Amino acid sequence: MGALADKFRPTSFPARYPRWMVGKPLLIASSALPSLGDAMFGYSQGVIAALQVQPNFIRRFFGQDVTIEQIQAGVTGVDPYVQAITVSCLNITAFMAAFAAAYVCDILGRRISVRLGGLVYLIAAIIQIVSPNLACLIVGRSLQGVGVGILSMTVPILQCEIAPGNARGLFVGIEYLCLNVGYSLSSWVGYAFFFTSPSDISWKGPYIVQAGMAVVLFLWSFILPETPRFLIANGFEEEGLRVLADLHAAGDIHDPAVEGTFRTIVDTVERERALGQASWKHLFTQHTRRTIMGLTCQIFAQFNGINAILYFLPENLMRAGFTTERALLFAAASSALYCFGTVPTMLWIDKVGRRPFLIVGAFALAASLGVVGGLQFYVDTLPSGSARQPGADGIFAAVCLYLLFYGATWGPGPWLLGGEIFPLRARAKGMALSTTANWICNFIIAFITPPLFASISGGYYFVLLGFCIISGIFVYFVYPETGGKTLEELDGVFNDGGCTVFNGQEEKALDNVTVGSYGAPQHLGVLSDSDSERTAAPSGISVSDGKSSISSAPR
């Protein structure tokens, strides 16, 4: 495997960005790239929701000649299992791609991995734009899942490794906000293009916007730098130092903070090589509690109902009694609350802690779903028309509360936990396991939701309510508090031998090594001058009069 990987590994990383970008412009632009990737991830979740209530979309791909009135009444003639496959095919390919992306990211680099994800995403968009039938649409959506899987694994790694050090909760909150903004954009785009019906642009338009985002991401990846940590870890110390300086010190490689960060990165890379990587078996035998947390937080995140709501939100609102136009408008409006819900996370999850957020969130979600389910049973007993409007308004209000609470708690929380709970040498595999649990459960929810809504209607909300209550109880009894502690101190929280001794050296997860919401061991932020002075220079680097001399490792 190693010899094969070396054949594909790049041998040079020339800087392609113009020198006028060096400093804050380069840092902002480099951060915007992964933010666009997060937004594309969110956009992929919402783009299909608005299309499922478009008459010409249903006619073209499901072979049913229906009117707006029939769609509003829920009489489309579409097989719920065919609808389920159409929606969920993206999730299963994303699951497989996320595994593969871990290797692509480490071999080819973060920048090329993002480029590959953007290219696949673009090809998938084009296939869906020109699709003549359902089989072709499913192929395109499945390929889109490959792009989403690559981006979901790579983008947070890149973002962490280029950004200054920050509070973990705040950083993951910002990432999740970008994802929610992507979903919100897809909702508003779907609403806007609805008014072009019966033209085919009504369903092609959202895919054209998707293609445009992919083009920007793909082209942007040719200009921006590779991450300093990847460069240094692969023997490109000189290039890594240059990128660090260009991002954080306006190109000054002799800046004390840059020198300190550079020395720390090299030192950490040497420790990782000496310690080696934990096996998959170690996750279940040595780090059992951490693995249970990493898996269950993502399982509950899905079975608490978010994608049962988001993937079918316009359809659910029509089931409540809204017209198609108002259902699309209200779905887009509620997405703004979904975005706003992330703000409390960014402000307080590092101060209050993870457990209170998740426990309170679980019972708030249960209460919201209880109201939605109860009102759905009520409106189902009423004749179609104005008689249903008060109940429909109540359902919409409860859905808004659900999205607000989810965006603040069970949305960003699992990504934060999965990124911080595993020790350094097991973090890549642990986060990969947690991420794939998310995609598998995402697939299950997307697949079972249409037939369950068709068979038990509002009762499905009470099934999801049960999972919310179980998740809150499980967190209370099983999850320790991980907030307010350094990554190094979490070994003491779990007390499972995270600081395993190798050749007399303890594994230390440096506090300024942070992790992304989906990814592996990642960013080392720029240190303060005092931190720089305390950091010992590792082998291969000599420091004299505050200036570094680099001896590059063999390439």
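Residues numbered from 1 in each chain as written. Predicted model: local features only at pLDDT ≥ 70, side-chain atom pairs only at ≥ 80, totals over all residues. Heavy atoms only, no water.

1. Some details on the overall build of the chain
Then comes step 1: Each helix and strand counted, the chain has 25 helices and six strands in total.
Then comes step 2: Here the chain holds 555 residues, and 58% of them are scored as buried.
Then comes step 3: For the chain, the exposed surface amounts to about 20100 Å²; the carbon and sulfur share of it is 66%. (Helix = DSSP H or I, 4+ residues; strand = E, 2+ residues; numbered from the N terminus. Buried < 20%, exposed > 50% of the residue type's maximum accessible area, 1.4 Å probe, protein only. Areas by Shrake-Rupley, 256 points an atom, 1.4 Å probe, with all protein chains shown as cover.)

2. Side note on the packing of aromatic side chains
Then comes step 1: Going through the model one piece at a time under the given rule, you end up with 26 aromatic pairs.
Then comes step 2: Considering the side-chain rings of Tyr183 and Tyr338, the 6.0 Å spacing of their centres and the 85° angle between planes classify their relative orientation as edge-to-face. Here Tyr338 lies in helix α17 (residues 324-340) and Tyr183 lies in helix α8 (residues 168-194), a separation of 155 residues in the sequence. Assigned by exposure class, Tyr183 and Tyr338 land together as buried. (Phe/Tyr/Trp six-rings, centres within 6.5 Å; stacked < 30°, edge-to-face > 60°.)

3. Describing the environment of Pro414
Then comes step 1: By the element assignment, Pro414 lies in helix α21 (residues 412-420).
Then comes step 2: A C-alpha to C-alpha distance of 9.2 Å links Pro414 and Ile299, two positions 115 residues apart in sequence.
Then comes step 3: Excluding residues within four positions of it along the chain, Pro414 makes contact with Cys297, Gln298, Ala301 and Thr409. (Contact = heavy atoms within 4.5 Å.)

4. Details of a nonpolar patch on the surface
Then comes step 1: Taken together, Phe363, Ile469, Ile473, Tyr476 and Phe477 make up a surface patch of nonpolar side chains, about 520 Å² in accessible area.
Then comes step 2: The leading source of residues in the nonpolar patch is helix α23 (residues 459-478), at four residues.
Then comes step 3: Here Phe477 shows up in helix α23. (Patch = residues over 30% accessible without salt bridge, like charges linked within 9 Å, V, L, I, M, F, W, Y side chains within 5 Å. Salt bridge = Lys/Arg side-chain N within 4 Å of Asp/Glu carboxyl O.)

5. With respect to the confidence of the model for the chain
Then comes step 1: Residue-level pLDDT values for the chain average 80, and 84% of them are 70 or greater.
Then comes step 2: Confidence, expressed as mean pLDDT per element, reaches its minimum in the chain at strand β1 (residues 501-502) with 37 and its maximum at α23 with 96.
Then comes step 3: Predicted confidence is poor over residues 499-555, with pLDDT under 50, and the contacts of this stretch with residues over four places away or in other chains come to 164 contacts. (pLDDT = per-residue confidence, 0-100.)

6. Quick look at the side chain of Ser434
Then comes step 1: With respect to the helices and strands, the residue Ser434 is situated in helix α22 (residues 427-456).
Then comes step 2: Once residues within four sequence positions are removed from consideration, Ser434 is found in contact with Gly294, Cys297, Gln298 and Gly418.

7. Examining the state of the cysteines
Then comes step 1: Counted according to the given criterion, the structure contains zero disulfides.
Then comes step 2: The structure places no disulfide on Cys339, whose sulfur is separated from the nearest cysteine sulfur, that of Cys178, by 9.7 Å.
Then comes step 3: Take Cys339: its relative accessible area is 11%, and that puts it in the buried class. (Disulfide = S-S within 2.5 Å.)

8. Here we look at the packing of helix α2 (residues 24-51) against helix α11 (residues 237-248)
Then comes step 1: Put simply, α2 and α11 touch, their axes get as near as 6 Å, and they point 100° apart. What the angle tells us is that α2 and α11 run roughly perpendicular. Residues Leu26, Leu27 and Ser30 of α2 form the contact with α11, whose own contacting residues are Asp246, Leu247 and His248. (Axes fitted to C-alpha atoms, helices over the stretch in contact; angles between N-to-C directions. Parallel < 35°, antiparallel > 145°, perpendicular 65-115°, else oblique.)

9. Observations concerning the pattern of salt bridges
Then comes step 1: This model, assessed by the stated rule, comprises five salt bridges.
Then comes step 2: A single salt-bridge network, built from bridges that share partners, covers Asp350, Arg354 and Glu420.

10. Considerations on α2
Then comes step 1: Taking 1.5 Å of rise per residue, 28 residues should cover 40 Å, and α2 covers 40 Å from first to last C-alpha, within 8% of that figure.
Then comes step 2: Most of α2 is tucked away: 22 of the 28 residues are buried. (Expected span 1.5 Å × (residues − 1).)

11. Re the side chain of Ser88
Then comes step 1: Tracing the chain through its elements places Ser88 in helix α5 (residues 80-108).
Then comes step 2: Separated by 2.7 Å, the side chain of Ser88 and the backbone oxygen of Ala84 make a polar contact.
Then comes step 3: Aside from chain neighbours lying at most four places away, what touches Ser88 is Phe443, Ala446 and Phe447. (Polar contact = N/O pair within 3.5 Å; in protein donor to acceptor, adjacent residues only side chain to side chain.)

12. Details of the nonpolar core
Then comes step 1: Residues Leu403, Tyr406 and Trp410 are the most contacted members of the largest nonpolar core, which totals 125 residues.
Then comes step 2: In terms of residue count, the dominant contributor to this core is α2 (13 residues).
Then comes step 3: Once you skip the residues sitting within four places of it in the chain, Trp410 turns out to touch Cys297, Phe300, Ala301, Asn304, Leu358, Gly361, Ala362, Leu365, Phe405, Ser471 and Val475.
Then comes step 4: With 10 residues, the next largest nonpolar core counts Leu241, Ala245, Ala249 and Phe262 among its residues. (Core = buried A, V, L, I, M, F, W, Y, C linked by side-chain atoms within 4.5 Å.)

13. So, the environment of Leu369
Then comes step 1: Within the secondary structure, Leu369 is located in helix α19 (residues 354-380).
Then comes step 2: Residues Leu369 and Asn304, 65 residues apart in the sequence, show an inter-C-alpha distance of 9.5 Å.
Then comes step 3: Those residues in contact with Leu369, other than ones at most four positions away along the chain, are Asn304, Ile309, Tyr402, Tyr461, Leu464, Leu465 and Cys468.

14. Re the packing of helix α16 (residues 313-320) against α17
Then comes step 1: Viewed as axis vectors pointing N to C, α16 and α17 meet at an angle of 125°, and their least axial separation amounts to 8 Å. With respect to each other, α16 and α17 are oriented oblique. Handedness of the crossing formed by α16 with α17: right-handed. Each of Leu313, Pro314, Leu317 and Met318 in α16 lies in contact with α17, whose residues at this interface are Thr324, Ala327, Leu328, Phe330, Ala331 and Ser334. (Left-handed = near helix turned anticlockwise from the far one by under 90°.)

15. Quick notes on unusual backbone geometry
Then comes step 1: Here the residue pair Ser197 and Pro198 is connected by a cis peptide bond, since its omega of 15° sits within 30 degrees of zero.
Then comes step 2: Position of Pro198 relative to the elements: it lies in the loop between α8 and α9 (201-220).
Then comes step 3: Residue Ala250 is not a glycine yet carries a positive backbone phi of 55°.
Then comes step 4: Within the secondary structure, Ala250 sits in the loop between α11 and α12 (256-275).

16. A closer look at α9
An α-helical segment advances 3.6 residues per turn. Residues three or four places apart therefore align on the same side.
Then comes step 1: The end-to-end C-alpha separation of α9 is 27 Å, in line with the 28 Å expected for 20 residues at 1.5 Å each.
Then comes step 2: Within the sequence span of α9, burial applies to Ser202, Trp203, Gly205, Pro206, Tyr207, Gln210, Ala211, Met213, Ala214 and Leu217.

17. Things to note about the environment of Ala98
Then comes step 1: With respect to the element layout, Ala98 can be found in helix α5.
Then comes step 2: What makes Ala98 buried here is its relative accessible area of 2%.
Then comes step 3: Along the sequence, Ala98 and Gly149 sit 51 residues apart, while their C-alpha atoms lie 4.5 Å from each other.
Then comes step 4: Excluding residues that lie within four positions of it along the chain, Ala98 makes contacts with Gly149, Met153, Thr435 and Trp439.

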